[in-house]
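Working through the structure, step by step
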Amino acid sequence: MINKLGWKIGGEQGEGLEATTEVFSTVLNSLGYHMYSTRDFASRIKGGHSTSKICISEEKIDVIDYKTDILIAFDQATLDSYIDELDENSIIIVDEKIKPEISEEVTGLVAVFPITDLAKEISAPIVKNIITLGICSALLNINKDIFYNMIEVKFSSKGEEIVATNIQAFNKGYEIMQSFMAEHNLGDKYYLKELEKKEKNNMWLIGNHAAGLGALVAGCRLYSGYPITPATEIMEYLFEKLPTVNGAYIQTEDEIAALGVAIGANFAGVRAMTATSGPGISLMTEFLGMAVMSEQPVVIVDVQRGGPSSGLPTKVEQSDIFHAVYGGTGDASRIVLAPTTVEDCFYTMIDAFNMAEKYQTPVIVLMDLQLGMNKQTVSDFDFNKVKIDRGKLLKQEEITEEDIIYFKRYGLDSLVSERTIPGQKGGIHNANSYEHSVVGLPSEVKKNTIKQKDKRSEKIETAFIENPFILNEYNEEKDILLVGINSTYGVLNKAAKQLKEQGMNIDTMHLRQIYPVAQKVKDTFDKYSKVYIVEHNSNKQLRTVISSKYHNSDKISSLLKYNGDIYYTHELIEQLLEEER
């Protein structure tokens, strides 16, 4: 009997593997298990090798384990590519249709079933996925009634006959696995431990959806965007949900227009946002500069993927950091945040909207593909933590008589000026892309130029969220600090715990705010002999940004991965040990 496993399914993209994974994981969630998933798929609609992996545990989990206990193969590539993930306790379930060639390196148990042929006998090849669920149900000893209910919910709209066909397919899968288990005397070797039933199931959601919900709770009432992998789910989520709160959704003709619309909505007093990835934020650069110059709040989510250009649209990378912090002409740095987990995507979006209005500037929320597109078990969000801060947005009664002709929208008496919106009496001012006077009129007066530039730069350097990082301290001795962002969170923590068993003193820091670099980050660095920054890019972007603001950058080193795959704990440990030799 087991309480933890790695489950993986692979085959040709478009065969329904994702649907199989979705049903299987939903059932496991209902049983009370914690999960974390990842996908590897080609950047096309159909065809090409694809896999989905779920790591399942009785305890909370935030890392993808390399080991695979159950591998389901619908193509030869699945059999050939993941041998290193298997051991003698693994079981490989193979569709006979592919005429499998099993490598001598495979030490686990291999079960070859005529899954596709059985599907054709029952109905059509597509029901092979339901047969697979039956196989897994028998292997793990999951109550069949739970799957029956899922099938009923999923197919009831298509009629009783379709429901009956899918239940027949499920039962056939259950039968053939039961026979195999009896033949090989497996007993309860793979039986999944039954957990105590909770009053309420945890949520099982992707970072993109958590970010979308966070935006709604933060008061976002307009989304403008253009589809792009891996950020599209944010757009789709808000397309569905915004009307329920009297919000608006606009799909624009391109990313340039998307940011322009969002800036315009914020100028009018509406909290608005857009979401994109590397190629999209490249197109948005000119409007980013305009928002900085005209001091307009706006939130942009950038779910990073492999680059440059079209690059690797469905692979993991963290290489938009330079662009987020510095991208654009002139002096135009901005606030850059980075959630650490799927749960944190929700809270970071609330921080982002508050910071955008508090400091009247663009806020970029950097996520990576693993965090944005893949699912994690999440507890209920704590809505008591949600606070809305609209900064110096004036109500009508707060606009004084002396401002009745031109409002000093860009006044220099403080780093953040008072802000009005169109239609407020006494709040009239210019807002455009030119350097301007205190009322927004174009100005090339040298003293004014210096003062306005200094004001915009200095306000960013003072802009910090309440918790700019998460520090996990595992040791009293402060020898090594591992630093990362986004989906490396669990990997860093697991590596630190494992290396502690080998006598190494390692703590971890995960940044929630990349820029400006918080003084607390630098003070924490001072406590350690060595700092390693772990990131998914080749030119050390996160390290460069932090080092530029840290007085002792010689103590900072890099651990990098940039082949498009996620970080695995053993890889990080190997890199670190090599550096420490």
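What you see as residue numbers is a count from 1 along each chain, following the sequence as written. Only residues with pLDDT of at least 70 get local features here, since the model is predicted, and only at 80 or more are side-chain atom pairs given and counted; chain-wide, interface and lining totals rely on the full set of residues. Heavy atoms from the whole structure form the basis of all side-chain values; hydrogens and water molecules are not counted.

Details of the pairing of strand S10 (residues 272–276)
In terms of residue burial, S10 counts as a mostly covered element, since five of its five residues are buried. Side chains of S10 alternate between two faces, with Ala-272, Thr-274 and Thr-276 and Met-273 and Ala-275 buried alike. By definition, two strands form a pair when at least two bridges between them are found by DSSP. Secondary structure counts use DSSP, requiring at least four H or I residues in a row for a helix and at least two E residues in a row for a strand, with both numbered from the N terminus. Note: strand S8 (residues 222–225) against S10, two bridges, orientation parallel. Bridge pairing in S10 links Leu-222 to Ala-272. Across four bridges, the pairing between S10 and strand S11 (residues 298–304) is parallel. Looking at the pairing, Thr-274 lines up with Ile-300 of S11. Exposure is judged per residue with a 1.4 Å probe applied to protein chains only, and the accessible area is read against the type maximum: over 50% gives exposed, under 20% gives buried, and values in between give partly exposed.

Topic: the UniProt feature "domain: Pyruvate/ketoisovalerate oxidoreductase catalytic" (unreviewed entry) in the protein
Here the UniProt feature "domain: Pyruvate/ketoisovalerate oxidoreductase catalytic" (unreviewed entry) sits at residues 14–175. Secondary structure over residues 14–175 splits into 43% helix and 19% strand, and the C-alpha atoms at its two ends are 26 Å apart. UniProt positions are given in the numbering used here, feature names are shortened, and annotations may be inferred rather than shown by experiment.

What to know about the pattern of salt bridges
Each reported salt bridge corresponds to a side-chain nitrogen of Lys or Arg within 4 Å of a carboxyl oxygen of Asp or Glu. Under the criterion given, the structure shown has 29 salt bridges. With its nearest N and O atoms 2.8 Å apart, the salt bridge here joins Arg-456 to Glu-435. Linking Arg-456 in helix H15 (residues 446–461) with Glu-435 in the loop between strand S14 (375–378) and H15, this pair joins segments that are 21 residues apart in sequence. Taking the relative accessible area as the measure of exposure, Glu-435 reaches 13% and is therefore buried. For Lys-478, the salt bridge is made with Asp-507, and the minimal N-O distance between the two is 2.8 Å. In this pair, Lys-478 sits in the loop between strand S15 (469–472) and strand S16 (480–484) while Asp-507 sits in strand S17 (residues 506–511), placing the two residues 29 residues apart along the sequence. Overall, Asp-507 belongs to the buried group, its relative accessible area being 0%.

Here we look at the sheet that holds S17
Read from one edge to the other, the open sheet built from five strands follows the order S15-S17-S16-S19-S20, with strand pairing classed as mixed. What marks the edges here is a single partner per strand, and that holds for S15 and strand S20 (556–560). Sheet twist, expressed as the average angle between the axes of neighbouring strands with direction ignored, equals 25°. Looking at chain direction, S16 and S17 are connected through five bridges and run parallel. Directly across from Leu-482, in S17, lies its bridge partner Thr-508. For helices, the fitted axis covers only the stretch in contact; all axes are lines through C-alpha atoms, and the angles between them, taken along N-to-C directions, range from 0 to 180 degrees.

Some points on a negative patch on the surface
Only residues whose relative accessible area exceeds 30% and that take part in no salt bridge are eligible for patches, with like-charged residues grouped when within 9 Å of each other and nonpolar side chains (Val, Leu, Ile, Met, Phe, Trp, Tyr) grouped when within 5 Å. Only the protein chains shown count as covering a residue, and every accessible area follows the Shrake-Rupley method with a 1.4 Å probe. By the counting scheme adopted, Arg and Lys are positive, Glu and Asp are negative, and His together with the chain ends is not counted. By convention, the charge on Lys lies at NZ, on Arg at CZ, on Asp at CG and on Glu at CD. On the surface, a cluster of negative charge is contributed by Glu-397, Glu-398, Asp-413 and Glu-418. You can see Glu-398 is positioned in the loop between S14 and H15.

A few points about the packing of helix H5 (residues 144–155) against helix H6 (residues 160–183)
Put simply, H5 and H6 touch, their axes get as near as 9 Å, and they point 150° apart. Between H5 and H6, the angle falls in the class roughly antiparallel. When you trace H5 past H6, the crossing you get is right-handed. Across the interface between the two elements, Lys-144, Phe-147, Tyr-148, Ile-151, Glu-152 and Phe-155 of H5 pack against Ile-162, Val-163, Asn-166, Ile-167, Phe-170, Asn-171 and Tyr-174 of H6. For this scheme, ten residues count as nonpolar: Ala, Val, Leu, Ile, Met, Phe, Trp, Tyr, Cys and Pro. Four count as charged, namely Asp, Glu, Lys and Arg, and the remainder, Gly too, count as polar. Looking at the contact of H5 with H6 residue by residue, the classes come out as nine nonpolar, two polar and two charged. Oblique is the label for any angle not under 35 degrees, not over 145, and not in the 65 to 115 range, which are roughly parallel, roughly antiparallel and roughly perpendicular in turn. Note on convention: the crossing is left-handed when the near helix lies turned anticlockwise from the far helix by less than a right angle, right-handed when the turn is clockwise. By the convention used here, residues are in contact when the closest approach between their heavy atoms is within 4.5 Å.

Section: the nonpolar core
We define the nonpolar core as a collection of buried residues of types Ala, Val, Leu, Ile, Met, Phe, Trp, Tyr and Cys that are connected through side-chain atoms lying within 4.5 Å of one another. Membership of the largest hydrophobic core comes to 83 residues, with the highest contact counts inside it found for Met-273, Val-301, Met-349, Leu-511, Ile-514 and Phe-525. The leading source of residues in this core is helix H13 (residues 342–359), at 11 residues. Leave out the neighbours within four places in its chain, and Leu-511 touches Ala-338, Thr-340, Pro-468, Phe-469, Val-483, Gly-484, Ile-485, Val-521, Leu-542 and Ile-546. With 49 residues, the next largest nonpolar core counts Leu-5, Val-27, Phe-74 and Leu-133 among its residues.

Side note on unusual backbone geometry
Across the junction of Gly-307 and Pro-308, the peptide omega takes the value 0°, indicating a cis bond. Within the secondary structure, Pro-308 is located in the loop between S11 and helix H12 (321–326). Cis geometry is found at the peptide bond from Tyr-515 to Pro-516, where omega equals -5°. One non-glycine residue, Glu-295, lies in positive phi territory at about 55°. The phi dihedral of Lys-540 is positive, around 55°, even though this residue is not glycine. Structurally, the position occupied by Lys-540 is in the loop between strand S19 (530–535) and helix H18 (541–547).

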